[in-house]
Amino acid sequence: MKIQEIIELTNASESTIRRDLTELEHEHKLARIHGGATIRGRKLHEPSMLDKTAKNLQEKKRIAEFAASLIQEGDCLFLDAGTTTFQMIPHLRNKKVVVVTNGLTHVEALIEHGVTTYLVGGYVKGKTRALVGPQTIQSLQNYRFDQCFLGVNGFDVTFGYTTPDPEEAAVKRQASACAKHTYVVTDHTKYGEVSFSSIDALSKATLITSKLPEETLRLLREHTTVEVVST
């Protein structure tokens, strides 16, 4: 539902609507999207790149900065298609690294920052600008990565890392299988979200995220390493 529709129905101000939607999101009753809100828990729902880019941008930038600090000179990396991994790219400018990506939106930024870049083949998804499919899987099998950085649509103690599209899930799994170490970079709002397609168990990747309640962190750390970035 769009914010303007809510204003027309309630006669409330835009600032009030935005504040109320933010509170409802914190209570896990809805999810904010660009220009409005949607019901949480739809396992096939996949936000567009525009929706995801505008969401929690400062948190994503801080998470991305921390993730990039883990990269060493000479590393070979996989950068997953996604808005948080995209924010890592400016921090690679002065590092001699090689990046393989399935993110069509990443390529221009990587080139502009002077990063040696390989783009895998495959079918381009219009909504997320990610390359997916058998050709993508085959391309990834030709590489070995020091580090793999993945985005997800949800992470959960029971169901692990998930995403709506089985083809994207398969690409993420393959990239992780080709890496010495995998990191999932995601903001705190994805906690407790469970999408249609399983990527992997929590234990398969180090989780880099933002503020979460201490009890939640305790539960997560029973399954994997968690790095919490202050925002």
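It should be noted that the structure appears before, not after, this text.
Residues numbered from 1 in each chain as written. Predicted model: local features only at pLDDT ≥ 70, side-chain atom pairs only at ≥ 80, totals over all residues. Heavy atoms only, no water.

### Some remarks on the packing of aromatic side chains
Right, on to step 1. Within this structure, the stated rule accounts for five aromatic pairs.
Right, on to step 2. Ring centres of Tyr143 and Phe145 lie 6.1 Å apart, and the angle between their planes is 25°; this geometry places the pair in the stacked category.
Right, on to step 3. Classification of Phe145 as buried rests on a relative accessible area of 3%.
Right, on to step 4. Counting every residue linked through ring pairs, the aromatic cluster contains Phe78, Tyr118, Tyr143 and Phe145. (Phe/Tyr/Trp six-rings, centres within 6.5 Å; stacked < 30°, edge-to-face > 60°. Buried < 20%, exposed > 50% of the residue type's maximum accessible area, 1.4 Å probe, protein only.)

### Concerning the sheet that holds strand S9 (residues 154-156)
Right, on to step 1. Strand order in the open sheet formed by three strands is S9-S10-S12, and the pairing between neighbours is antiparallel. If you trace the sheet from one side to the other, it starts and ends with S9 and strand S12 (197-200), each paired once. Averaged over all pairs of adjacent strands, the angle between strand axes in this sheet comes to 35°, irrespective of strand direction.
Right, on to step 2. Across three bridges, strand S10 (residues 160-163) lies against S12 in antiparallel orientation. Looking at the pairing, Thr163 lines up with Ser197 of S12.
Right, on to step 3. On top of the sheet, helix H8 (residues 166-177) reaches S10 and S12; it is set at about 5° to S12, its chief contact. (Pairing = 2+ DSSP bridges. Helix = DSSP H or I, 4+ residues; strand = E, 2+ residues; numbered from the N terminus. Axes fitted to C-alpha atoms, helices over the stretch in contact; angles between N-to-C directions. Contact = heavy atoms within 4.5 Å.)

### Topic: the pattern of salt bridges
Where charged atoms from two side chains of opposite charge come close, those side chains can pair.
Right, on to step 1. Applying the stated criterion to the full structure yields eight salt bridges.
Right, on to step 2. Glu14 is the salt-bridge partner of Arg18, the closest N and O atoms lying 2.9 Å from each other. With Arg18 and Glu14 both in helix H2 (residues 14-26) and four residues apart, the pair spans about one turn of that helix.
Right, on to step 3. Since its relative accessible area comes to 35%, Arg18 is described here as partly exposed.
Right, on to step 4. In the salt-bridge network here, residues are joined through shared partners; they are Lys125, Asp165 and Glu168. (Salt bridge = Lys/Arg side-chain N within 4 Å of Asp/Glu carboxyl O.)

### Observations regarding unusual backbone geometry
Right, on to step 1. The backbone of Asn11 shows a phi angle near 65°, a positive value even though the residue is not glycine.
Right, on to step 2. With respect to the secondary-structure elements, Asn11 resides in the loop between helix H1 (3-10) and H2.
Right, on to step 3. On the basis of relative accessible area, Asn11 is assigned to the exposed category, the value being 70%.

### As for the pairing of strand S11 (residues 179-185)
Right, on to step 1. S11 sits mainly inside the fold: five of its seven residues count as buried.
Right, on to step 2. As defined by bridge partners, strand S8 (residues 145-150) adjoins S11 across five bridges and the pair is classed as parallel. When the bridges of S11 are listed, Leu150 appears paired with Val184.
Right, on to step 3. Pairing between S11 and strand S13 (residues 206-209): three bridges, direction parallel. By the bridge assignment for S13, Val184 is matched with Leu207.

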